[in-house]
Amino acid sequence: MTLALNDPLPSDDRQENTRLAARPTPNATPASPRSQTESDQSPAKPDRDRAIDLLRFGCLVVVVILHSMMSAAVLGPDGTVEPAVALSTTAGFAAASWFFQIMPLFFIIGGYAGITGWRRTRAAGGSWTDYLRARLRRLVVPVTVLIGLAGLGLSAAGELGVPSDLMTEASRRIGQPLWFLAVYVGLTAFVPVAVHFHETAPRRSLAILAGAVIVVDGLVAVTGVTGLGCLNFLLVWPLIQQLGFFFADALDRPVRMPVTCFVLVAALLTLVGLVAAGVYSPNMLVNLNPPTGALVLLGVVQMCVLRLVHSRLGRMLNAADANMHGSTTEAALEPRALLAQIWGRAIAWGNRYGMYVYLWHMSIVIVLIGGLGALAQAVSFVPGASGLVLPEIGSSWWWATRLPWLIVVMALSGLVATAVERMPFPSEQRLASVGRTIVELAREMRGREAATSGAGTGDDAPTLGRPRLRAAIAVGTAATGIAMALLIGIAPLIWTVAAAGLLIGSLILSAGLTPPRRPTGR
């Protein structure tokens, strides 16, 4: 089960993969005549942009580090373990948030991946349902596994006597990363529509979305009704995704350094001015929920930086390819080539397991905090011992233990991601078979009802047989399942069953979009 958030992905068609493998990537290293001869004899590889892959995995790592640093617990006056949020009131946290708020960059990269993947599907003669089917599975399967296993774990913890308030907090923290998946599933579903508007009227599409964000932010400022800001979930992220479309189009052209630097500085100064005027919070995490125009301006800055460093980063990461066909040992041991090989392995690992690290890291954090809390309670009779296990947040000892804490969280998250990714999950063919069985049972039941009532059954196929409608229902079902786990939680177990059931239902629906194989003969 190799599933990751790493679009653009190879097509399901082998001939299409071979054709696409022959296309150069935007930052691919040109091959020499000798290496070209040798490469003709080597197996073709799917084209990937390693710089984008590295930055995408880097964004996930930043999120994991931030969540791990901000998650903590203390012993209350009565000796109970109380969850706490660290760092948010620390001096300089707001300023630092301008650097570690990478969600705009993540959605820009997602926009790049979306438009690249859709154009590949379209060029191969595929449709929206073809595009959606593969991507929905890659997003939904890891979430389904998380919800199922974490829900069972919380249920077992409840049976062992863990207090209900801690169970509720654990459920909320485990579901914390899911908001991103809910938004991303929706954006993925509408990529073909968004690309259509981008290709027909790019500047107008950008201006309309930006104007709508300004209107929503203005209404919130005038009325004081912060709930209106939730409308920006439908505006800010699609707008930032459009920035990714522009970035993808620009990769085929040389970098216009003066223009890029001007846009970067203008966006940054505008953001600084709006924050200084009190329009937006200086804390970029506050601007995340609900999203505001501050994230759009920050996204423009990040896109410009990405544009400036992309080519150089790509050349560095492709240095191994430039030397892999060399005939001398010195070429193979060239430091740049060795470094590129190390990064290449890290990127390959991130492409395969990064999504699982992102989804499971909060579960690891919750288990570790629970274990430390139990240990602190067990040694509380020793003066000062509990303070060593659960130090006061912000104290010198707390800061001294942060690096080991991060290493343990990252290592365990990697191990769990590796194990969970390899867990068996029903194949797309098996899910499609289940869907066909359900449809046949429904038709049989309808036929019996019609025979009992004396009405004719006719030849009307079920409505779900329409691919576009079926795809839309699959997306809605997946988004509902993720939102349920995010907003309600996965404890008690009934909510786990409900959310996982919706997600599996969406996978069954999307698996049925697979076109049937037709015989090649007459």
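Coordinates for the structure precede this section.
Residues numbered from 1 in each chain as written. Predicted model: local features only at pLDDT ≥ 70, side-chain atom pairs only at ≥ 80, totals over all residues. Heavy atoms only, no water.

Trainee: I'm lost on the overall build of the protein chain in this one. Help?
Mentor: Looking only at helices and strands, the protein chain features 22 helices and two strands. In the protein chain, buried positions account for 45% of the 522 residues. Within the protein chain, counting contacts between residues at least 6 apart in sequence, those at least 24 apart form 78% of the total. (Helix = DSSP H or I, 4+ residues; strand = E, 2+ residues; numbered from the N terminus. Buried < 20%, exposed > 50% of the residue type's maximum accessible area, 1.4 Å probe, protein only. Contact = heavy atoms within 4.5 Å.)

Trainee: I'm lost on the environment of Val162 in this one. Help?
Mentor: Position of Val162 among the secondary structure elements: in the loop between helix H6 (128–159) and helix H7 (164–174). The spatial distance from the C-alpha of Val162 to the C-alpha of Gly370 is 9.8 Å, given a sequence separation of 208 residues. If near-sequence neighbours (up to four positions away) are discounted, Val162 is found in contact with Ala157 and Met167.

Trainee: Please explain the environment of Val301 as it appears in this structure.
Mentor: Here Val301 lies in helix H13 (residues 293–317). In this structure, the C-alpha to C-alpha distance between Val301 and Leu271, residues 30 residues apart in sequence, is 9.6 Å.

Trainee: Whenever I open this one, the packing of helix H5 (residues 103–123) against helix H8 (residues 178–189) confuses me. Can you help?
Mentor: Each pair of packed helices can be described by the angle between their axes along with the distance between the axes. Contact geometry of H5 with H8 gives a least axis separation of 12 Å together with a crossing angle of 30 degrees. What the angle tells us is that H5 and H8 run roughly parallel. H5 and H8 meet at a crossing whose hand is right-handed. On H8, the residues touching Met103, Phe106, Phe107 and Gly110 of H5 are Trp179, Phe180, Val183, Tyr184 and Leu187. Here the residues of the contact of H5 with H8 sort into eight nonpolar, one polar and no charged. (Axes fitted to C-alpha atoms, helices over the stretch in contact; angles between N-to-C directions. Parallel < 35°, antiparallel > 145°, perpendicular 65-115°, else oblique. Left-handed = near helix turned anticlockwise from the far one by under 90°. Nonpolar A, V, L, I, M, F, W, Y, C, P; charged D, E, K, R; others polar.)

Trainee: Which parts of the structure should I look at to understand H5?
Mentor: Quick reminder: α-helices carry 3.6 residues per turn. Residues three or four places apart thus point the same way. In this model H5 runs 30 Å from its N-terminal to its C-terminal C-alpha over 21 residues, within 8% of the 30 Å that 1.5 Å per residue would give. With its phi angle positive at about 85 degrees, Gly125 sits one or two positions after the end of H5. (Expected span 1.5 Å × (residues − 1).)

Trainee: Explain the packing of aromatic side chains here, please?
Mentor: How two aromatic rings sit relative to each other is given by the distance of their centres and the angle of their planes. Under the defined criterion, the tally for this structure stands at 14 aromatic pairs. With a centroid separation of 5.0 Å and 45 degrees between ring planes, the pair formed by Trp349 and Tyr353 is classed as tilted. In this pair, Trp349 and Tyr353 both sit in helix H16 (residues 335–378), four residues apart, roughly one turn of the helix. Judged by its relative accessible area of 4%, Tyr353 falls in the buried class. Ring pairs connect the aromatic residues Phe106, Phe107, Trp179, Phe180, Tyr184, Trp237 and Tyr358, which therefore count as one cluster. (Phe/Tyr/Trp six-rings, centres within 6.5 Å; stacked < 30°, edge-to-face > 60°.)

Trainee: Explain helix H22 (residues 493–511) to me, please; I cannot follow it from the model alone.
Mentor: For H22, with 19 residues, the first-to-last C-alpha span of 27 Å sits near the 27 Å given by 1.5 Å per residue. Along H22, the residues that are buried comprise Thr496, Ala499, Ala500, Leu503, Ser506, Leu507, Ile508, Leu509, Ser510 and Ala511.

Trainee: Could you clarify how one ought to interpret the nonpolar core in this entry?
Mentor: Generally speaking, soluble globular proteins have nonpolar side chains that are buried together. Within the largest apolar cluster, 96 residues are counted, with the highest numbers of intra-cluster contacts made by Met103, Phe107, Phe180, Leu181, Trp237 and Leu359. Per-element accounting of this core gives the leading share, 14 residues, to H6. Among residues more than four places away in sequence, those in contact with Met103 are Val63, Trp179, Phe180, Trp237 and Leu288. One finds Met69, Phe93, Leu368 and Trp405 within the second-largest nonpolar core, a separate group that totals 18 residues. (Core = buried A, V, L, I, M, F, W, Y, C linked by side-chain atoms within 4.5 Å.)

Trainee: Sorry if this is basic, but what is going on with the pattern of salt bridges here?
Mentor: Should the charged atoms of two oppositely charged side chains come close, the side chains can pair. Summed over all chains, the structure comprises nine salt bridges. As a salt-bridge pair, Asp53 and Arg48 come within 2.8 Å of each other at their nearest N and O atoms. By relative accessible area, Asp53 is classed as buried at 3%. Between Arg173 and Glu169 there is a salt bridge; the shortest N-O distance is 2.9 Å. Linking Arg173 with Glu169, this pair stays in helix H7, spanning four residues, or about one helical turn. Residues Arg173 and Glu169 agree in their burial class; the two are buried. In the salt-bridge network here, residues are joined through shared partners; they are Arg119, Arg122, Glu199 and Asp249. (Salt bridge = Lys/Arg side-chain N within 4 Å of Asp/Glu carboxyl O.)

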